[in-house]
Amino acid sequence: MHIRLTKLASHAAMASALLCLSGVAFAADNIKIGVAGPFTGGSSSMGVSMRDGVRLAVDEINKAGGVLGRQLQVVERDDEAKNERGVQIAQELINKEKVTAAVGYINTGVALASQRFFQEAKIPVMNNVATGSAVTHQFDDQPENYIFRNAAHDSIQAPMIVEEAITRRGFKKVAILADSTNYGQLGRADLEKALELKGIKAVAVEKFNIKDVDMTAQLLKAKEAGAEAVLTYGIGPELAQIANGMTKLGWKVPMVGSWTLSMANYIDNAGPGGEGARMPQTFVQEPTTPKRQSFIISYLKTFNPKNARIDSPVSAAQGYDSIYLLAAAIKQAGSTDGPKIKAALEDLKAPVEGVVTTYNKPFTTKDHEAITANIPVFGEVKGQRVVYAYADDFKKASEVRVKDVNAKGALAVKK
């Protein structure tokens, strides 16, 4: 009897060990996707919204059976909007976590510093928020490029901003206020280029630093130069200081800037002084299509943001779409091999229905930008949220704008 019990215990131990091993094998069989962005600090409203959009898409895909019969697993890292932290994370995701692909990058500088490691490792990166025009062209001198994007780059946004200020609203004198980061200074250069094409030079071009809380000197120069509008390239907290600085000076002119004027920490910190700011948007939080409606409902139910307002709707939508684009490529490739996924992205056979758009052949070997100049619309801060700036855009919002490589309004990107 004792021997029989001993044998039974031995068999049970073996069975338990086998179950544990199979569990480990199953966990290792997940398809790992790296997610890098600032989840703390001044850029966090973008980073957290992007991350939550990614989580939502991954959860939906996994509940539907995953990809290639395997579950997607996100490996999230907070890059704190710091270049050096982004570099560390990139190497960790590649060498330790063995990710199949990566999504994210909110800050252009972090993207440019970090993505070279993925390029060297032949692992695709889907930039879903960073908009610096150079992001997808960093490796144009190499035979293959593993860097993709599904956000409206600055060579699209800058001409839109200038068109809004100069042509639509008729301002003759504009000032540019841009932060000192790669994002701000590359965007400033794009604005100046777009103005030059209109035969206009900014009456003042001023710089500020991250965490600056007093924009009086810059605003006084713009005011004294006779600026009728201020064009901006920065992120939420400092943009709010521009609006607050105008209020303190008793000088209120329109703010027209890059998409980041839609960030919650601009809207909330600027308060009434932030109303009326306009910016390009690939997505406005309105249920204008069934896909957008289901996304908004799921996001609000899952993450329960304050005032039923997504902190950064653009970041959330583009984060969500980036996962579906990668999942489609992995499925088509029938593999988690980086070069095969890259090749699939460059020749996606089936359309991918996203929140921003329906991605029909979004990439080619020479074009790694999913968004073209005809897709973004203008948003406006009104009642502490972003709405469509123009009624016509809202009326037509149920008509999904799809990629058009011949769409006018984008600057030529230097390659």
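Starting from 1, residues in each chain are numbered consecutively following that chain's sequence as written. For this predicted model, a pLDDT threshold of at least 70 governs which residues receive local features, and a threshold of 80 or more governs which side-chain atom pairs are given and counted, while totals over whole chains, interfaces and linings are taken from all residues. Excluding hydrogens and water, the side-chain values take into account all heavy atoms of the structure.

1. Topic: the overall build of the chain
Right, on to step 1. Check the secondary structure of the chain and you find 13 helices and 14 strands.
Right, on to step 2. In this description the radius of gyration comes from C-alpha coordinates, and the expected globular size is given by 2.2 Å times residues to the power 0.38. Against the compact-globule benchmark of 22 Å for 415 residues, the chain has a radius of gyration of 23 Å, which places it among compact chains.
Right, on to step 3. With the C-alpha coordinates of the chain rotated into their principal frame, the extents come out at 100 × 40 × 40 Å.
Right, on to step 4. Scored against the burial criterion, the 415 residues of the chain give a buried share of 55%.
Right, on to step 5. Two residues form a contact once any of their heavy atoms are found within 4.5 Å. Taking the contacts inside the chain whose residues are at least 6 apart along the sequence as the reference set, 69% of them involve residues at least 24 apart.
Right, on to step 6. Summed over all atoms, the accessible surface of the chain reaches about 17800 Å², with 54% contributed by carbon and sulfur.
Right, on to step 7. Under this rule, positive means Lys or Arg and negative means Asp or Glu; His and the chain ends count for nothing. Taken as the charge centre is NZ of Lys, CZ of Arg, CG of Asp or CD of Glu, depending on the residue. In the chain, the 50 positive side-chain charges and the 44 negative ones have mean positions that sit 3 Å from each other. In this description a helix means any DSSP run of H or I spanning at least four residues, a strand means any run of E spanning at least two, and both kinds are numbered starting from the N terminus. Buried means the residue's accessible area, taken with a 1.4 Å probe over protein chains only, is under 20% of the maximum for its type, while exposed means over 50%, and partly exposed covers the values in between. Here, Shrake-Rupley sampling with a 1.4 Å probe gives the accessible areas, and only protein chains in the shown set may cover a residue.

2. Focus: the environment of Lys63
Right, on to step 1. Position of Lys63 relative to the elements: it lies in helix α2 (residues 44-63).
Right, on to step 2. Expressed as a C-alpha distance, the spacing of Lys63 and Ala391, which sit 328 residues apart in the sequence, is 38 Å.

3. Notes on empty space enclosed by the protein
Right, on to step 1. Definitions used throughout: a 1 Å grid over protein atoms alone; a cavity as a set of points that fits a 1.4 Å probe which cannot get out; a pocket as an open set with protein on both sides within 12 Å along at least five of seven lines; a lining residue as one with an atom within 4 Å of a point. Grid points are joined across faces, edges and corners, and a volume is the space filled by probe spheres set on the points. Counted by the stated rule, this structure contains 5 cavities of 30 Å³ or more.
Right, on to step 2. Counted as a void, the largest cavity has a volume near 170 Å³.
Right, on to step 3. Taken together, 16 residues line the largest cavity, and the ones lying closest to its centre are Thr282, Arg292, Ile375, Val377 and Tyr388.
Right, on to step 4. In terms of residue class, the lining of the largest cavity is built from 7 nonpolar, 3 polar and 6 charged.
Right, on to step 5. Approximately 80 Å³ is the volume attributed to the second largest cavity. Amino acid classes used here: Ala, Val, Leu, Ile, Met, Phe, Trp, Tyr, Cys and Pro are nonpolar; Asp, Glu, Lys and Arg are charged; the rest, including Gly, are polar.

4. Considerations on the packing of aromatic side chains
Right, on to step 1. Think of it this way: a Phe, Tyr or Trp ring, Trp meaning its six-membered ring, pairs with another when their centres are within 6.5 Å, and the plane angle makes it stacked under 30 degrees, edge-to-face over 60, tilted otherwise. For the structure on display, the rule yields 8 aromatic pairs.
Right, on to step 2. Geometrically, the ring pair formed by Phe148 and Phe363 is edge-to-face, given 5.0 Å between the ring centres and 70 degrees between the ring planes. Linking Phe148 in strand β5 (residues 147-149) with Phe363 in the loop between β12 (358-359) and β13 (377-382), this pair joins segments that are 215 residues apart in sequence. For the pair formed by Phe148 and Phe363, the shared burial category is buried.
Right, on to step 3. Ring centres of Phe295 and Tyr299 lie 6.0 Å apart, and the angle between their planes is 50 degrees; this geometry places the pair in the tilted category. With Phe295 and Tyr299 both in helix α10 (residues 290-303) and 4 residues apart, the pair spans about one turn of that helix.

5. Description of the confidence of the model for the chain
Right, on to step 1. Values of pLDDT, the confidence the predictor places in each residue, fall between 0 and 100. Of the residues in the chain, 92% reach a pLDDT of 70 or more, and the chain-wide mean stands at 93.
Right, on to step 2. Scored below 50 in pLDDT, residues 1-9 shows 0 contacts in the model against residues more than four places distant or in partner chains.
Right, on to step 3. The low-confidence segment residues 14-28, where pLDDT is below 50, has 2 contacts with residues more than four positions distant or belonging to other chains.

6. What to know about helix α3 (residues 83-95)
Right, on to step 1. Compared with an ideal rise of 1.5 Å per residue, which puts 13 residues at 18 Å, α3 spans 19 Å between its outermost C-alpha atoms and is within 8% of the ideal.
Right, on to step 2. Of all the positions in α3, only Gly86, Val87, Ile89, Ala90, Leu93 and Ile94 are classed as buried. In a view along the axis of α3, the buried residues occupy a sector of 165 degrees, so they form one face of it. Facing away from the buried side of α3, by more than 90 degrees, are the exposed residues Glu84 and Asn95. In a helix, the anticipated span is given by 1.5 Å times the number of residues less one. Starting at the helix axis, one direction is taken to each C-beta atom, and the arc is that of these directions.

7. Brief notes about the layout of surface pockets
Right, on to step 1. Of the volumes computed, that of the second largest pocket is approximately 480 Å³.
Right, on to step 2. Together, 28 residues line the second largest pocket, and Ser43, Ala81, Asn107, Ile210 and Ile235 are the ones closest to its centre.
Right, on to step 3. Of all the elements in the fold, those that place two or more residues in the lining of the second largest pocket are α4 (108-121), α6 (182-197) and α8 (236-249).
Right, on to step 4. The leading source of residues in the lining of the second largest pocket is α4, at 3 residues.
Right, on to step 5. Its residues placed into classes, the lining of the second largest pocket shows 11 nonpolar, 12 polar and 5 charged.

8. Comments concerning the sheet that holds strand β4 (residues 125-127)
Right, on to step 1. Read across the open sheet, the 5 strands follow the order β2-β1-β3-β4-β5; overall the sheet is parallel. Looking along the sheet, the strands with just one partner apiece sit at the ends: β2 (72-78) and β5. The sheet shows a mean angle of 25 degrees between the axes of neighbouring strands, taken without regard to direction.
Right, on to step 2. Pairing between strands requires that DSSP locate at least two bridges from one strand to the other. Strand direction decides the pairing type here: strand β3 (residues 101-104) and β4, joined by 3 bridges, are parallel. Each residue of the ladder has a partner; that of Gly104, found in β4, is Asn127.
Right, on to step 3. Working convention: axes come from line fits to C-alpha atoms, limited for helices to the stretch in contact. Angles between N-to-C directions cover 0 to 180 degrees. Its contacts with the sheet put α2 on β1 (31-37), β2 and β3, and the angle it makes with β2 is roughly 170 degrees.
Right, on to step 4. Strand contacts of α4: β3, β4 and β5, with the helix running at about 155 degrees to β4, the strand carrying the most contacts.

9. Here's the deal with the packing of α2 against helix α11 (residues 313-333)
Right, on to step 1. Interaxial distance between α2 and α11 falls to 7 Å at its minimum, and their mutual angle equals 40 degrees. Considering their axes alone, α2 and α11 lie oblique with respect to each other. Here α2 and α11 pass one another in a crossing that is right-handed. Along its contact with α2, which presents Met46, Ser49, Met50, Gly53, Val54, Leu56, Ala57, Val58, Glu60 and Ile61, the element α11 presents Ser315, Ala316, Gly319, Tyr320, Ser322, Ile323, Tyr324 and Ala327.
Right, on to step 2. When the residues that make up the contact of α2 with α11 are grouped by side-chain class, the tally is 12 nonpolar, 5 polar and 1 charged. What sets the label is the angle itself: under 35 degrees gives roughly parallel, over 145 gives roughly antiparallel, 65 to 115 gives roughly perpendicular, and the rest give oblique. Each crossing gets its handedness from the near helix: less than a right angle anticlockwise from the far helix is left-handed, clockwise is right-handed.

10. Concerning the environment of Arg116
Right, on to step 1. Take Arg116: it is sitting in helix α4.
Right, on to step 2. With relative accessibility at 34%, the residue Arg116 sits in the partly exposed group.
Right, on to step 3. C-alpha separation for the pair Arg116 and Gln138, spaced 22 residues apart in sequence, amounts to 8.4 Å.

11. Details of the pattern of salt bridges
Right, on to step 1. We define a salt bridge as a contact between a side-chain nitrogen of Lys or Arg and a carboxyl oxygen of Asp or Glu at a distance within 4 Å. This model, assessed by the stated rule, comprises 25 salt bridges.
Right, on to step 2. Between Asp52 and Arg55 there is a salt bridge whose closest N-O contact spans 3.8 Å. Placement of both Asp52 and Arg55 in helix α2 is noted, with a separation of 3 residues, approximately one turn of the helix.
Right, on to step 3. Taking the relative accessible area as the measure of exposure, Arg55 reaches 32% and is therefore partly exposed.
Right, on to step 4. Among the salt bridges present, the one from Arg85 reaches Glu80, with a minimum N-O distance of 3.9 Å.
Right, on to step 5. Classification of Arg85 by relative accessible area gives partly exposed; the value is 24%.
Right, on to step 6. Taking the relative accessible area as the measure of exposure, Glu80 reaches 33% and is therefore partly exposed.
Right, on to step 7. A single network of salt bridges, built from pairs that share partners, joins Glu164, Arg168, Arg169, Arg278 and Glu380.

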